[in-house]
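# Examining the three-dimensional arrangement
The residues making up each chain are set out below.
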Amino acid sequence: MKERKGYCLIVLLLVASMPVSAQFAGGSGTQNDPWLVASAEQLNLVRNYLNNFNHYFKQVADIDLNVNPYNQNQGWVPIGSYQNSSFRGSYDGDGFNISGLYINRGSLAHQGLFGYTYGGRISNVRLANANVTGSYSVGALLGLGKESTVVTGCYSSGYVTGNQYAVGGLIGTLEWWSSMSGCHSSVAVTGLQSSVGGLLGSSYYVSLISYCSSSGPVNCPGPNSESSVGGMIGGTGYSTIRYCHSSSEVTALTNNSVGGFIGSVSGSNLIEECFATGNVSAGSQCGGFVGYNYQGSTIHLSYATGNVTAVELYAGYCGGFAGTNQSGGEGAAIIYRCYSTGSANGYQGTGGFVGRNVAAQIYKSFSTGSASGNNNVGGFCGQSLSNGQINDCYSSASVTAHELSGGFIGSNSSPSQLARCYNYGPVSFSGTYYVGGFCGIGDASQATSCYWNTQTTGISTSACGIGATSNQMTWPYDASTYQNFDFETVWGQDQSYAFNNGYPYLSWRYLVPPGDLTITRNGD
């Protein structure tokens, strides 16, 4: 027995004294000559080189992690676990697969192939058939990335489950000047609380997320589920997001702030040229693109085509594009040059484009789908209040409601304002209490140069706005309609009836149609 122990000790000492190059498939660990990783055993050795920005690794073969000991008990141990033991080097997967990643630590944070990066760089890693379970900050590739971590060209498929918050198909949490680009996830994501996304759970002070996408289903089935669930990103603060899209189906029946692209947006964010096509089912405050756009955040040149349903009785704030658009202490929430084409279904505060607009701004946007609910329902907006502003917008969406509703907007509470807006979609009300062709509740002084088609809506009265016939509202436009519309820079005249059935269309829509945007994972 003593001889056997001595032999084992000698072997361990020999491994420890082995040159680093001999532990890998080659290389010296420099930027020009990275250590080469060709097997599961060599990938596991990467964890021995933490807390150093000058370590470089490059994968040179497909790696199967569905082997002993990495698929036993709690599975793979993430590379890096907290700030003082974090991956800070560079790992280039070079497009090779890592398959069969298995992690089962439902009570522990920072779970993923990499658990914690601090200024690390991860690129071109392809995770196939991953199965990862953790507590919070959980993702197939990375649990938590911070302090200028950079992730590019990575992909994941499989399953990710988080028992708390910040759960994503690729990354759980990305923060503090980090960035990601050219990434995609088809992972089926399950989160039991908040900040759950098909690609990324939570982003905070992220420099840029660009050319990324998600396609896997996102589900929040827990009775303690809270908020911020999105097809691509759960929640974001102080971040810039460009040229991304999601086709993920989102189901979060007890959550609020749920969106087809992103759940909640708060604090000086910019989101532009993004889109979502997946359906959304949520408790309340949900939208085809964003659930809650709040204070100082701007969404520009984006669209949603999915259907949206808010299932909570007596709740609502459901919109084809946004659930709630609300300004706050850090500035105005702004949505402009955006559109929605899906249906919005909720009890109250339901709009074909936005459910509720609170002291916020929406302009040069439109909806073409449908809106249905009990009260405060509109083809474009359910409710606008606290000096909300909606300018240069239109709706062809159909409206089905009981009362307190209108063809364009359900209620427009003083001193909120509407200017240069119109609607022509069919309207059906089962009640007669405060219903109108353009607006259900509002004052005539709150709507400037706003119109509705009395023939196509079937409604001849409205709290505000001007009723007109189809001949007056379609080309050639009657002189009494579209007063103060800017037909040089904002609106186009549909003389050929090719763009909007003869009604004025928004000029930006046909300069560079967002539907023609092509997004690839490599960022080209």
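Residues numbered from 1 in each chain as written. Predicted model: local features only at pLDDT ≥ 70, side-chain atom pairs only at ≥ 80, totals over all residues. Heavy atoms only, no water.

### Here's the deal with the environment of R47
Our working rule: Strands are runs of DSSP state E lasting at least 2 residues, helices are runs of H or I lasting at least 4, and numbering of each runs from the N terminus. Here, residues are in contact when the closest pair of their heavy atoms is within 4.5 Å.
Considering the arrangement of structural elements, one finds R47 in the loop between α3 (40-45) and β2 (56-59). Remark: the alpha-carbon pair of R47 and F114, spanning 67 residues in sequence, is separated by 9.1 Å. Sequence-distant contacts of R47, that is, excluding residues within four places in its chain, are made with W76, V77, P78 and I79.

### What about a nonpolar patch on the surface?
Just so we agree on the cut-off: For patches, a residue must show more than 30% relative accessible area and have no salt bridge; joins then use 9 Å for like charges and 5 Å for nonpolar side chains, namely Val, Leu, Ile, Met, Phe, Trp and Tyr. Note on areas: these come from Shrake-Rupley sampling with a 1.4 Å probe, and a residue is covered only by the protein chains present in the view. We define a salt bridge as a side-chain nitrogen of Lys or Arg found within 4 Å of a carboxyl oxygen belonging to Asp or Glu. Burial classification: accessible surface area is computed with a 1.4 Å probe over protein chains only, and a residue below 20% of its type maximum counts as buried, one above 50% as exposed, and the rest as partly exposed.
Taken together, W176, W177 and Y204 make up a surface patch of nonpolar side chains, about 310 Å² in accessible area. With respect to the helices, strands and loops of the structure, Y204 is situated in strand β20 (residues 200-204). Under the relative-accessibility criterion, Y204 is labelled partly exposed at 35%.

### Quick notes on the packing of aromatic side chains
For any pair of aromatic rings, geometry is given as the distance between the ring centres together with the angle between the planes. To be explicit about the condition: Between the rings of Phe, Tyr and Trp (Trp by its six-membered ring), a pair exists once the centres lie within 6.5 Å; its type follows the angle of the planes, with under 30 degrees stacked, over 60 edge-to-face, and the other angles tilted. Two thresholds decide whether a charge sits over a ring: the Lys NZ or Arg CZ must be within 6 Å of the ring centre and within 35 degrees of the ring normal.
This structure, assessed with the given rule, holds 50 aromatic pairs. With a centroid separation of 5.0 Å and 55° between ring planes, the pair formed by F87 and F114 is classed as tilted. One end of the pair, F87, is in the loop between β3 (63-64) and β4 (90-92); the other, F114, is in strand β7 (residues 114-118), with 27 residues separating them in the sequence. One exposure class covers both F87 and F114, and it is buried. Over the ring of Y155 we find R126, and its NZ or CZ is 4.6 Å from the ring centre. Positioned above the aromatic ring of Y317 is the side chain of R356, whose terminal nitrogen or guanidinium carbon lies 3.8 Å from the ring centre.

### Notes on the pairing of β2
Put simply, the rule is: Two strands are said to pair when DSSP picks up at least two bridges between them. A crossover counts as right-handed when, viewed with the strands pointing away from the observer, the path leading from the first strand over the helix to the second turns clockwise.
By the bridge criterion, 3 bridges tie strand β1 (residues 35-37) to β2 in an arrangement that is parallel. By the bridge assignment, W35 is partnered in β2 with F57. Taken together, β1, α3 and β2 constitute a β-α-β crossover, and its handedness is right-handed. With 3 bridges connecting them, β2 and β4 associate as parallel partners. From the neighbouring strand, K58 faces β4, where its bridge partner is D92.

### Description of the side chain of N500
Relative to the assigned elements, N500 resides in the loop between β62 (491-492) and β63 (505-506). The residues contacting N500, other than those within four sequence positions of it, are Y394, Y422, Y424, D494 and Y505.

### Things to note about the confidence of the model for the chain
Stated formally: How sure the predictor is of each residue is captured by pLDDT, a score from 0 to 100.
The share of residues in the chain with pLDDT of 70 or more is 93%, and the mean pLDDT across the chain is 93. The low-confidence segment residues 1-17 (pLDDT under 50) makes 1 contact with residues lying over four places distant or belonging to another chain. The model gives residues 512-517 a pLDDT under 50, and that stretch makes 6 contacts with residues more than four places away or in other chains.

### Overview of the pairing of strand β38 (residues 322-326)
Residues in a regular strand point their side chains to alternate faces of the sheet. Along β38, 5 of the 5 residues are buried, which leaves the element largely enclosed by surrounding structure. Across 4 bridges, strand β33 (residues 290-294) lies against β38 in parallel orientation. By the bridge assignment, Y294 is partnered in β38 with Q326. Sheet topology note: the β38/strand β43 (residues 354-358) ladder contains 4 bridges and is parallel. Bridging across to β43, N325 finds its partner in N357.

### Remarks on unusual backbone geometry
Excluding glycine, residues mostly carry a negative phi; peptide bonds, for their part, are mostly trans. Of note, the amide linkage connecting N68 to P69 takes the cis form, showing an omega dihedral of 5°. Tracing the sequence through the fold places P69 in the loop between β3 and β4. Of the consecutive residues W475 and P476, the connecting peptide bond is found in the cis state with omega at -5°. Residue position: P476 is located in the loop between α5 (470-473) and β62. One non-glycine residue with positive phi stands out, namely K364, at about 55°. Mapped onto the elements, K364 comes out in the loop between β44 (361-363) and β45 (366-367). Located in the positive-phi region is Y434, a residue other than glycine, with phi close to 50°. By the element assignment, Y434 lies in the loop between β56 (427-429) and β57 (435-436).

### Some details on the sheet that holds β43
Here is the rule: In this analysis, axes come from line fits to C-alpha atoms, helices being fitted only over the stretch in contact, and the angle between any two N-to-C directions falls in the range 0 to 180 degrees.
Taken in spatial order, the 12 strands make up an open sheet running β7-β11-β15-β20-β25-β29-β33-β38-β43-β48-β53-β58, and their pairing is parallel. In this open sheet, the two edge strands, each paired with only one partner strand, are β7 and β58 (439-441). When the angles between neighbouring strand axes are averaged without regard to direction, this sheet yields 10°. The sheet contact formed by β20 and strand β25 (residues 233-237) spans 4 bridges and is parallel. Considered in β25, the bridge of S202 is made with G235.

### Brief notes about the side chain of Q42
So the rule is basically this: Side-chain atoms alone can form a polar contact between residues adjacent in sequence; in general such a contact is a pair of N or O atoms within 3.5 Å, and within protein one must be able to donate a hydrogen while the other accepts it.
Looking at the secondary structure, you find Q42 in helix α3. Assessed through its relative accessible area of 14%, Q42 is described here as buried. Within the local environment of Q42, its side chain forms a polar contact with the backbone nitrogen of A38, the two atoms lying 2.6 Å apart. Discounting chain neighbours no more than four positions away, the residues touching Q42 are Q23, F24, A25, L36 and V37.

### A look at the nonpolar core
Definition in use: Nine residue types can take part in a nonpolar core, namely buried Ala, Val, Leu, Ile, Met, Phe, Trp, Tyr and Cys, and a core is a set of them joined through side-chain atoms within 4.5 Å.
Residues L113, L141 and M180 are the most contacted members of the largest nonpolar core, which totals 94 residues. Of all the secondary-structure elements, those providing two or more residues to this core are β1, α3, β9 (126-134), β15 (171-175), β28 (250-259), β29 (262-266), β32 (280-287) and β36 (308-310). In this structure L141 touches G112, L113, F114, I122, V125, L127, V151, C154 and L170, once residues within four positions along its chain are discounted. Of all hydrophobic cores here, the second largest spans 19 residues; its members include A468, M473, L506 and W508.

### Notes on the pattern of salt bridges
Applying the stated criterion to the full structure yields 3 salt bridges. Of the charged contacts, one joins E272 and R242 as a salt bridge, the two residues approaching to 2.5 Å between their closest N and O atoms. Within this pair, whereas E272 is found in strand β30 (residues 270-272), its partner R242 is found in strand β26 (residues 240-242), the two being separated by 30 residues in sequence. Using a relative accessible area of 13% as the deciding quantity, one classes E272 as buried. A relative accessible area of 25% means that R242 is categorised as partly exposed.

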